[in-house]
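Survey of secondary and tertiary structure
In case you want the letters, here they are:
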Protein chains: 4
Amino acid sequence: MLYFENDYCEGAHSAILQRLLETNMEKLPGYGTDPYCASAREKIRHATGCPDADVYFLVGGTQTNVTVIRSMLKPYEGVLAASCGHISVHEAGAVEASGHKVLELPHREGRLSAGCLREYLEAFYKDESHEHMVFPGMVYLSHPTEYGTLYSRKELAEISELCKTYRLPLFLDGARLCYGLAVESSDVTLNDLARLTTVFYIGGTKAGALCGEAVVFPERAPAHFMTMVKQQGALLAKGRLTGIQFDTLFTGGLYLKISRHAIRAADRLREALRERGCRFYVDAPANQIFIILKNEIMAQLRKEVVFSIWAPYDSGHTIVRFVTSWGTRMEDIEQLIRLLPDQLA
Amino acid sequence: MLYFENDYCEGAHSAILQRLLETNMEKLPGYGTDPYCASAREKIRHATGCPDADVYFLVGGTQTNVTVIRSMLKPYEGVLAASCGHISVHEAGAVEASGHKVLELPHREGRLSAGCLREYLEAFYKDESHEHMVFPGMVYLSHPTEYGTLYSRKELAEISELCKTYRLPLFLDGARLCYGLAVESSDVTLNDLARLTTVFYIGGTKAGALCGEAVVFPERAPAHFMTMVKQQGALLAKGRLTGIQFDTLFTGGLYLKISRHAIRAADRLREALRERGCRFYVDAPANQIFIILKNEIMAQLRKEVVFSIWAPYDSGHTIVRFVTSWGTRMEDIEQLIRLLPDQLA
Amino acid sequence: MLYFENDYCEGAHSAILQRLLETNMEKLPGYGTDPYCASAREKIRHATGCPDADVYFLVGGTQTNVTVIRSMLKPYEGVLAASCGHISVHEAGAVEASGHKVLELPHREGRLSAGCLREYLEAFYKDESHEHMVFPGMVYLSHPTEYGTLYSRKELAEISELCKTYRLPLFLDGARLCYGLAVESSDVTLNDLARLTTVFYIGGTKAGALCGEAVVFPERAPAHFMTMVKQQGALLAKGRLTGIQFDTLFTGGLYLKISRHAIRAADRLREALRERGCRFYVDAPANQIFIILKNEIMAQLRKEVVFSIWAPYDSGHTIVRFVTSWGTRMEDIEQLIRLLPDQLA
Amino acid sequence: MLYFENDYCEGAHSAILQRLLETNMEKLPGYGTDPYCASAREKIRHATGCPDADVYFLVGGTQTNVTVIRSMLKPYEGVLAASCGHISVHEAGAVEASGHKVLELPHREGRLSAGCLREYLEAFYKDESHEHMVFPGMVYLSHPTEYGTLYSRKELAEISELCKTYRLPLFLDGARLCYGLAVESSDVTLNDLARLTTVFYIGGTKAGALCGEAVVFPERAPAHFMTMVKQQGALLAKGRLTGIQFDTLFTGGLYLKISRHAIRAADRLREALRERGCRFYVDAPANQIFIILKNEIMAQLRKEVVFSIWAPYDSGHTIVRFVTSWGTRMEDIEQLIRLLPDQLA
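Fair warning: this is a prediction, and the values are worked out from it, not measured in the lab. (Residues numbered from 1 in each chain as written. Chains lettered and ligands numbered in written order. Predicted model: local features only at pLDDT ≥ 70, side-chain atom pairs only at ≥ 80, totals over all residues. Heavy atoms only, no water.)

1. Here's the deal with the relation of the copies chain A and chain C
Superposition of chain A onto chain C requires a rotation of 180 degrees combined with a translation of 0.1 Å along the rotation axis, giving an RMSD of 0.0 Å. Such a combination of turn and shift is consistent with a two-fold rotation axis. Interface overlap between copies is the fraction of interface residues in one copy that are interface residues in the other; for chain A against chain C it reaches 100%, indicating a shared surface. (Least-squares fit on C-alpha atoms with pLDDT ≥ 70 in both. Contact = heavy atoms within 4.5 Å.)

2. Examining the interface of chain A and chain B
At the junction of the two partners, chain A supplies 47 residues and chain B supplies 47 residues. Buried surface at the junction of chain A and chain B, both sides included, amounts to about 4000 Å², of which 59% is carbon and sulfur. Where chain A packs against chain B, one counts two salt bridges. Its salt-bridge partner being Lys27(A), residue Glu10(B) comes within 2.5 Å of it at the nearest N-O pair. Put simply, chain A and chain B have 25 residue pairs in polar contact (both at pLDDT 80 or more) between them. When residues of the side of chain A that touches chain B are traced back to their parent elements, those giving at least two are α1 (14-23), α3 (61-72), α5 (94-97), α10 (225-231) and α11 (240-249) of chain A. Of the residues in the side of chain A that touches chain B, the class split is 22 nonpolar, 15 polar and ten charged. (Buried area = accessible area lost by both parts, 1.4 Å probe. Salt bridge = Lys/Arg side-chain N within 4 Å of Asp/Glu carboxyl O. Polar contact = N/O pair within 3.5 Å; in protein donor to acceptor, adjacent residues only side chain to side chain. Helix = DSSP H or I, 4+ residues; strand = E, 2+ residues; numbered from the N terminus. Nonpolar A, V, L, I, M, F, W, Y, C, P; charged D, E, K, R; others polar.)

3. Observations regarding the pattern of salt bridges
Taken as a whole, this structure holds 65 salt bridges over all chains when the rule is applied. One salt bridge connects Lys101(B) with Glu96(D), and the closest N-O pair in it is separated by 2.8 Å. Taken together, the residues Lys101(B) in the loop between α5 (94-97) and β4 (102-105) and Glu96(D) in helix α5 (residues 94-97) connect one chain to another. The residue Lys101(D) makes a salt bridge to Glu104(B) at a minimum N-O spacing of 2.9 Å. One end of the pair, Lys101(D), is in the loop between α5 and β4 (102-105); the other, Glu104(B), is in strand β4, on a second chain.

4. Quick notes on the interface of chain A and chain C
Listed as interface residues are 17 residues of chain A and, on the opposing side, 17 residues of chain C. Between chain A and chain C lies a buried interface of about 1400 Å² when both sides are counted; carbon and sulfur atoms form 50% of it. By the criterion of area lost to chain C, the three top residues of chain A are His90(A), Glu96(A) and Lys101(A), representing 35% of everything that side buries. Connecting chain A to chain C are four salt bridges. One can count twelve residue pairs in polar contact (both at pLDDT 80 or more) joining chain A with chain C. Listed by contribution, the elements that provide at least two residues to the side of chain A that touches chain C are α4 (86-89), α5 and β4 (102-105) of chain A. Grouping the amino acids of the side of chain A that touches chain C by side-chain chemistry returns six nonpolar, seven polar and four charged.

5. Quick look at the sheet that holds strand β10 (residues 288-294) of chain C
Residue and element names in this part refer to chain C. Pairing is antiparallel in the open sheet, where four strands are placed in the order β9-β10-β13-β12. For this open sheet the edge positions go to β9 (279-280) and β12 (308-314), each flanked by a neighbour on one side alone. Bridging between β10 and strand β13 (residues 317-323) involves seven bridges; their strand directions are antiparallel. Across the sheet, residue Lys 294 finds its bridge partner in β13, namely His 317. Running at roughly 120 degrees to β10, helix α13 (residues 295-302) makes contact with β10, β12 and β13 of the sheet. (Pairing = 2+ DSSP bridges. Axes fitted to C-alpha atoms, helices over the stretch in contact; angles between N-to-C directions.)

6. A short note on the environment of Ala47(A)
Residue and element names in this part refer to chain A. Structurally, Ala 47 is set in helix α2 (residues 35-48). Placed 271 residues apart in sequence, Ala 47 and Thr 318 show a C-alpha to C-alpha distance of 40 Å. Here Ala 47 is in contact with Leu 190, Asn 191 and Phe 250, once residues within four sequence places are set aside.

7. Some thoughts on the side chain of Arg41(B)
Residues and elements named next belong to chain B. As for its placement among the helices and strands, Arg 41 is situated in helix α2 (residues 35-48). Here Gly 32 takes part through its backbone oxygen, which lies 3.0 Å from a polar atom of the side chain of Arg 41. From its side chain, Arg 41 meets the backbone oxygen of Val 55 in a polar contact 2.9 Å long. Apart from residues lying up to four places away in sequence, Arg 41 is in contact with Gly 32, Val 55 and Phe 57.

8. Details of α11(A)
Residues and elements named next belong to chain A. For α11, a buried count of ten out of ten residues is recorded, marking the element as mostly surrounded by other parts of the structure. Burial in α11 covers these residues: Arg 240, Leu 241, Thr 242, Gly 243, Ile 244, Gln 245, Phe 246, Asp 247, Thr 248 and Leu 249. If you follow the buried residues of α11, they end up packed against α1, α2, β2 (54-58), β7 (199-203), β8 (213-217) and α12 (254-275). (Buried < 20%, exposed > 50% of the residue type's maximum accessible area, 1.4 Å probe, protein only.)

9. Considering the sheet that holds strand β6 (residues 170-173) of chain C
Residues and elements named next belong to chain C. Strand order in the open sheet made by the seven strands is β2-β8-β7-β6-β5-β3-β4, with mixed pairing throughout. The sheet is open, and its two borders are formed by β2 (54-58) and β4 (102-105), each paired with just one other strand. When the angles between neighbouring strand axes are averaged without regard to direction, this sheet yields 25 degrees. Here strand β3 (residues 77-82) runs beside strand β5 (residues 135-142); their pairing, made up of four bridges, is parallel.

10. Topic: the packing of helix α12 (residues 254-275) of chain D against helix α14 (residues 330-339) of chain D
Residue and element names in this part refer to chain D. At their nearest, the axes of α12 and α14 sit 10 Å apart, and the two run at 15 degrees to each other. Taken together, the axes of α12 and α14 are roughly parallel relative to one another. Crossing angle aside, the handedness with which α12 passes α14 is right-handed. From α12, His 261, Arg 264, Ala 265, Arg 268, Leu 269 and Ala 272 reach across to α14, where they touch Met 330, Ile 333, Glu 334, Leu 336 and Ile 337. (Parallel < 35°, antiparallel > 145°, perpendicular 65-115°, else oblique. Left-handed = near helix turned anticlockwise from the far one by under 90°.)

11. Considering the side chain of Asp192(C)
Residue and element names in this part refer to chain C. Here Asp 192 lies in helix α9 (residues 190-196). Exposure remark for Asp 192: the relative accessible area of 5% places this residue in the buried category. Only 2.9 Å separates the side chain of Asp 192 from the side chain of Arg 153, close enough to count as a polar contact. Side-chain polar atoms of Asp 192 contact the backbone nitrogen of Thr 189, separated by 2.9 Å. With residues up to four places along the chain from it excluded, the contact list for Asp 192 reads Arg 153 and Asp 187.

Shown next as structure tokens:
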């Protein structure tokens, strides 16, 4: 079977495993106080252009989202997010379990806009009963979004400015950030994120690590953030596991190098799909490809390829998703292309 | 420096790293649905003598404790624990953050007793205002305890019976379980735990894994436990990471084999300490040794050895802790012994 | 000024005050264990046709909603509600603060429908990733709804049946229930609610009491519901305050008698508005009237009448709300009608 | 039967009922925005000597405690309280349900001391693992305490100073404050509380009101405290109910006047008990009397008197509590005294 279901189906990049092996029997202090964590933090500060950033390593995306969000909200506040956002739908109510409402907003292909946010905020503060409502307390974006789409630097800047006006922290979920950064046509860089957000995280799990997400507070973490990480159960005793992995990913530009490979693989597949007249569900330029397939073609392909069924499109078609990763083999892409019928329209 | 501070200072047992390497590029489904998780579950069912047990892999101890506890308590219930229990003191209020009180009980060297529990429960239900109080909803033990002490099979059986009488689930935190099981003088086995508890977990982090705890429900997990794991942010995308590790630990008895090594190392150290007239703070037979040192001797030792300062004993003495692990080198033990003064009393 | 802003602007019905006076110096036990509470419970059991119902008295609507909801949901569940529902918007995130998501559904003039619920539930259980999502754990309706509209008995029966199919408790918020019951064209009775819901409450605050809501579990309350009430801070020490009020309201049919008065007053106003060509925003038959007013007319009226501005309708019009109550004087209605311009269209 | 079980067994002081009657049909805005609430706030500001105090009216004690506490704690913080404190034992885990640990401290007859607090705080910050523990985030006292004892002004001043040193808010639960203030030998005044605490509340429920507690922030309430009150379900729609009651209690010194009556009644009873050689369990000078009775005498008295059984003392004796209130009749006191045997020792 060919496997294009997700970007976390392999283990870790070989350089990471190599470092884990080399350092394995060193006796190191726990909970993120080891020298590999320190070195990884320093490299991330350098890569993001924030010499004073506070950097923390957590294990997975959901726990990172909820830890960051509940550390920054007051108990009367909620978090603004696209109604399709990962925290809105696919984290089993983790944010609500921490006591906060996800204030769901309409989106365009996964993206929030400054205009839509402004409209919400203006209406909220005009509403005479807003003291009986959940106060908007921060804005959550993901980049790439749930639909694999990207914000432009200008869009992020507009949202960032609006957040400053309303004194709302801006939090960017970068579970797949590497693949967004690796898209050539995107003008968003790590430096932009550090400049425009209050906090963001650099995903490791989907970027060649076994696990791990690096949370970056470009200015300063909330007080006792580490205790919040502990309280959420997100503090690894063997912090070295995330430290070594991020230290490796941010050595010699490995993080971007391996992401660009995934984008090249996806680009090759997109090109082949386009040549066959395929209808794309959204214009997603990173490592996820959402297309509309005839149900018969889909059924045929599933015999030899693993991919995700996203949603029914109409009675005869389905939206499906193909994903590439740092570990995708180009020969698998070519093999998949050979399996495609000449006409996909 | 010699390092006896804790049992999570090394990476992973070499067999685990080897398996991670071998399986690294296999494309596997996520979230614990891969064949390595399945195999590890099967081996744990076998080792615990519970062919129908539900087994889940989480990442760390605090998150495991809180996920299990909040999955099993009603909102009006709290969890009974020793006042020194890990959940009572050292998990940053994770249980309370999930909405539940830790009902703290007196302990003997870290251990709860059936007698003390019975007294509490009888007094609670006799109290005319108990409907205004937090109902006891489960019992939490750890084995070994915070003081490194062990329960006997008889003590566990008494507590288990009491729990049945009061219909209280019994939860045993086994973060260091391997070291408890490896103590020769202990009569408690995995089979006993499966027979006597409602749920327990087998610690991996302190037993040669990079991370991971295996939760065992000998009869049946609470409904939708996996969703609770997800909600707590404890569900690894790359579930293979824990699956492969536990599969390795439970192949060929590795789990116990490496734990016995730690006990042998600790026994050797205990023997040397005893010969030098050392005062032991508690009689802890597993991989933790708590002793009372003169402050001058402590200061001297700290120049060459890393160990934990537990608490002040009196104005001239301090309680300190030495810990061995699966990765402790016997030559380090001998080296440490050579550094000890002839007289420790 | 004339006052039509809401139905909680007066104190209490005079019969209630009279009973409070008469019983004032009786020495009674607290927390709802007094004979007036017992008598009120018995009368409510009779009025709802449920001799075995569990009945509890709480103080206000928000606390009643959250206490009921968190008593009946598992931690992985959320509550299905109209997106305009009181718990969705106007309770400051009380449900989320208790750890549960409000799963917001589209509505028709405030009403949910069995069809829409079924669609949601079918899609949920079909979704392959639903174990990563919040499970629907109960259905919340209000009757009258936020828009003053009413369910028919048939609509409630359909929803009730669907809930049974999916084993979802059905909870009906009756903060304004008295006014719904008093509408002649409505076929929904207290007996219907007792038959069709798992739990509902009979509002007192808006029905002539100083405060108080009577929660009715036609079959059986969840275990230790009183402790949940206490935990939420909703258990009055002087339980007599709610007991005496509900005992009075359910003596001699006072509850419905005073509600019918409010409906007559609203009917008279609706008639006058209709005669003047007024546009109604929704067809709300109970004690709330939502109409679309020209901004100039609205401004003029506001000089002599207090009413609620609901929402802008278009650049020249506004949706406003007039509310009658048990305490509305018919002469105030006539006075208001005299203030209306001849043409409201 | 004579009734000395508690201080909330009667309805309301007659002046309060009178005011409720007089104002009953006035049409007033809701949620505490009416002129009676405004007037009551102003009188409380005057009585406490805090012209700028923020004053809020809530309904009952448990909800007041939890609303204040969760409004002022960060998510990694807990509240320090006596282990016998009302929030520690008798509020059904309300504080924990809001996500915060009650950090229980030893007490002397219900009282915390500055010395004991300092010891805890010093040990906490010295502990190397304190970042894995719940941070102390505020101090909770009650006055009178659970044992009916009182702090002296000097004791409160010492605790207050310590709290300032550690930047901990100091919260004083005044559910029975009126009775503490009315004790002649006590030197603590409302002005002292306003000067020495960050927030305190003036109990109404036990002081002649039907319900209601007045929360006083001498300097400033936390941001959006009203939304927190709403979220907790503690915001009365008919805010007039608490406004009118507190306005009456703080007119012409009624609050203290009726409390002094209760103290006189208790003093008379204490005198008679002392004459009969009664053993007092604690020296409680306000409206609660804790004594040690022979079980036979207790059984005899219970035939004609309602009082609380506090706890067993030894095999032959029981600790019982007698309580007076604003509504206690002196003739009932004399009647009770007549029922006492000549020798209670």
